[in-house]
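These are the residues of each chain, in order.
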Amino acid sequence: MINVTLRQLDYLVAVAEHGTVTAAAQALHLSQSTVSSAIADLERVLKINLFVRHARGLSLTRDGQMVLAEARRLLREVSSLERRVAGLSGELAGELHIGCYSTIAPLLLPAIVTEFMLHYPAVDVNFSEGSQHALLEQMEQGKSDVAVMYAYRFRNHLTDLGHTATKLTAVPPYVLLHPEHSLAQADTVALRELADEPYILFDLEPGGQYFLSVFDAEGVTPDIRFRTPNSELVRCLVARGAGYSLLSQRPKTTVSYEGLPYVAKELTVRHEGLDVVAVTPGDRMPSKRVATFIEMAVHLLRPEVLR
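Here the residue numbers are simple positions, counted from 1 along each chain's written sequence. Selection of residues for local features in this predicted model requires a pLDDT of at least 70, selection of side-chain atom pairs for listing and counting requires 80 or more, and totals for whole chains, interfaces and linings are taken over all residues. Heavy atoms throughout the structure, all of them, feed into the side-chain values; hydrogens and water do not.

Would you mind going over the sheet that holds strand β11 (residues 244-247) with me for this structure?
Note on sheets: strands pair through backbone hydrogen bonds, and any given pair is parallel or antiparallel. One open sheet holds the 6 strands; their spatial order is β8-β12-β7-β11-β9-β10, and the pairing between them is mixed. A strand with exactly one partner marks an edge of an open sheet, and here the two such strands are β8 (188-189) and β10 (223-228). Paired strands are those between which DSSP finds at least two bridges. We count a stretch as a helix when DSSP gives it H or I for four or more residues in a row; a strand needs E for two or more, and each element gets its number in order from the N terminus. Two elements, strand β9 (residues 198-202) and β11, share 2 bridges in a ladder whose sense is parallel. Counted as the bridge partner of isoleucine 200 is serine 245 from β11.

What should I look at first to understand the pairing of strand β4 (residues 123-130) in this one?
When a strand is regular, its side chains alternate between the sheet's two faces. Note: strand β3 (residues 94-101) against β4, 8 bridges, orientation parallel. Directly across from tyrosine 101, in β4, lies its bridge partner glycine 130. Every crossover in which the path from the first strand over the helix to the second runs clockwise, viewed with the strands pointing away from the viewer, is termed right-handed. In the classification by handedness, the crossover that spans β3, the intervening helix α5 (residues 105-119) and the parallel β4 is right-handed.

When you look at the sheet that holds β3 in this model, what are you seeing that I'm missing?
In space, the 5 strands of this open sheet follow the order β4-β3-β5-β13-β6, with mixed pairing throughout. Each edge of the open sheet is held by one strand with a lone partner, namely β4 and β6 (163-171). Strand-to-strand twist in this sheet, taken as the mean axis angle between neighbours without regard to direction, amounts to 20°. In this description, a line fitted to the C-alpha atoms serves as the axis of each element, helices being fitted only across the stretch in contact, and the angle between N-to-C directions of two axes falls anywhere from 0 to 180 degrees.

What is the right way to look at unusual backbone geometry in this model?
Positioned with a positive phi, histidine 29 is a non-glycine residue whose angle comes to about 60°. Within the secondary structure, histidine 29 sits in the loop between α2 (21-28) and α3 (32-46). Unlike most non-glycine residues, lysine 47 shows phi in positive territory, near 65°. Structurally, the position occupied by lysine 47 is in the loop between α3 and β1 (51-54).

Explain α3 here, please?
Multiply 1.5 Å by the residue count of a helix minus one, and that product is the helix's expected span. With 15 residues, α3 should cover 21 Å at 1.5 Å per step; its first-to-last C-alpha distance of 21 Å lies within 8% of that length. Each residue is placed in one exposure class: buried if its accessible area under a 1.4 Å probe, protein chains only, is under 20% of its type's maximum, exposed if it is over 50%, and partly exposed if it falls in between. Along α3, the residues classified as buried are Val35, Ala38, Ile39, Leu42 and Glu43. Around the axis of α3, the buried residues are gathered within 135° of arc, so they sit on the same side. Whether two residues touch is decided by their heavy atoms; if any such pair falls within 4.5 Å, the residues are in contact. Residues of α3 that are buried in the fold lie against α1 (6-18), α2 and β1. Phi turns positive one or two residues past the end of α3, at lysine 47, with a value near 65°. Arc, as used here, means the arc of the directions from the helix axis to the C-beta atoms.

Would you explain the pattern of salt bridges in this entry?
Oppositely charged side chains can pair when the atoms bearing their charge come close. When a carboxyl oxygen of Asp or Glu is within 4 Å of a side-chain nitrogen of Lys or Arg, the pair counts as a salt bridge. What the rule picks out here adds up to 12 salt bridges. Between glutamate 70 and arginine 73 there is a salt bridge, and its shortest N-O distance comes to 2.8 Å. Of the two residues, glutamate 70 and arginine 73 both sit in helix α4 (residues 62-85), 3 residues apart, roughly one turn of that helix. A relative accessible area of 23% means that arginine 73 is categorised as partly exposed. Its salt-bridge partner being arginine 270, residue glutamate 266 comes within 3.7 Å of it at the nearest N-O pair.

Where do I start with the pairing of strand β13 (residues 274-281) in this structure?
Judged by how many residues are buried, β13 sits mostly within the fold: 8 of 8 residues are covered. Of the two faces of β13, the one holding Leu274, Val276, Ala278 and Thr280 and the one holding Asp275, Val277, Val279 and Pro281 are both buried throughout. Bridge count between β6 and β13: 8 bridges; the pairing is antiparallel. Across the sheet, threonine 169 pairs through a bridge with valine 276, a residue of β13.

Can you help me understand the packing of aromatic side chains in this one?
The geometry of an aromatic ring pair is captured by two quantities: the separation of the ring centres and the angle between the planes. Each aromatic pair joins two rings of Phe, Tyr and Trp (for Trp, the six-membered one) with centres within 6.5 Å, and gets the label stacked for planes under 30 degrees apart, edge-to-face for over 60, and tilted for any other angle. Applying the stated rule across the entire model yields 7 aromatic pairs. Pairing tyrosine 199 with phenylalanine 215 gives two aromatic rings, centres 4.8 Å apart and planes at 70°, and the pair type is edge-to-face. Here tyrosine 199, found in strand β9, pairs with phenylalanine 215, found in helix α8 (residues 207-217); they are 16 residues apart in sequence, far enough to count as distant. Across the pair, exposure class does not vary: tyrosine 199 and phenylalanine 215 are buried alike. Taken together, the ring pairs in this structure connect Phe116, Tyr120 and Phe293 into an aromatic cluster. For a ring to carry a charge above it, either NZ of a lysine or CZ of an arginine must fall within 6 Å of the ring centroid while also lying within 35 degrees of the normal to the ring plane. Its end group placed over the ring of tyrosine 174, arginine 250 keeps NZ or CZ at 4.1 Å from the ring centre.

So far we have only geometry, and geometry alone does not tell us how the molecule works.
Set out below in structure tokens:
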């Protein structure tokens, strides 16, 4: 059996996050030699190099990145065990970190997170936001337990990615127009009617690729005037008359941050709704906390519940 201690794993995480042994030792309130010796012992026991040493500090090797992800997972599980043993009477407990695609977060996370916390107060829930690439990287590094995102790449590449995705809901794209636009009163809007007008592309990876694929499906080439990874900025620009746009997530109100109105219209061509999925690492069984979170999300995001 490999003789690895939790303390060594804790020091590994600290060094990886701070970039140097000195900074990690300061954060842990330990001597530099103590942390350095622990990392050296861990490398000796595992028989691999965890870090590359250079003038600016330390960088994780490929093996080190794998060990770091497992170290974070193990430390979370130990924390959960300690809390359960401390008298939680079998109650669901421990830590749950959720990664969420930025545009989904404000519209879906509040209801799910607050409901989960209400039912399972002993679980320490945290979340972070970002692009799909950032969320997958975070999950693979053990920094999060589950990632909620659009299924841009998952329909055909689940096996290649090595992850498991559970469908939570689906959302079709729609058009955003200025209230005085000539099509603002139309029942539906065809993209070919907008082809010559300035287009504001929501471009948080891989959102840009998806929305451009919607144009491709209709044989239309948009006149891209602005690109932004901020969906609220998209709404503000449309409300100011800077162009039109496409988005997926739809707020309850059609008013920008500046208090200016815009119009949301359905597309004439009905594009398949984009799946919102909960992604977990395919190489390990989700914890009970993660499984319970996904089960609750599936229930809360049913169309009849969302209405």
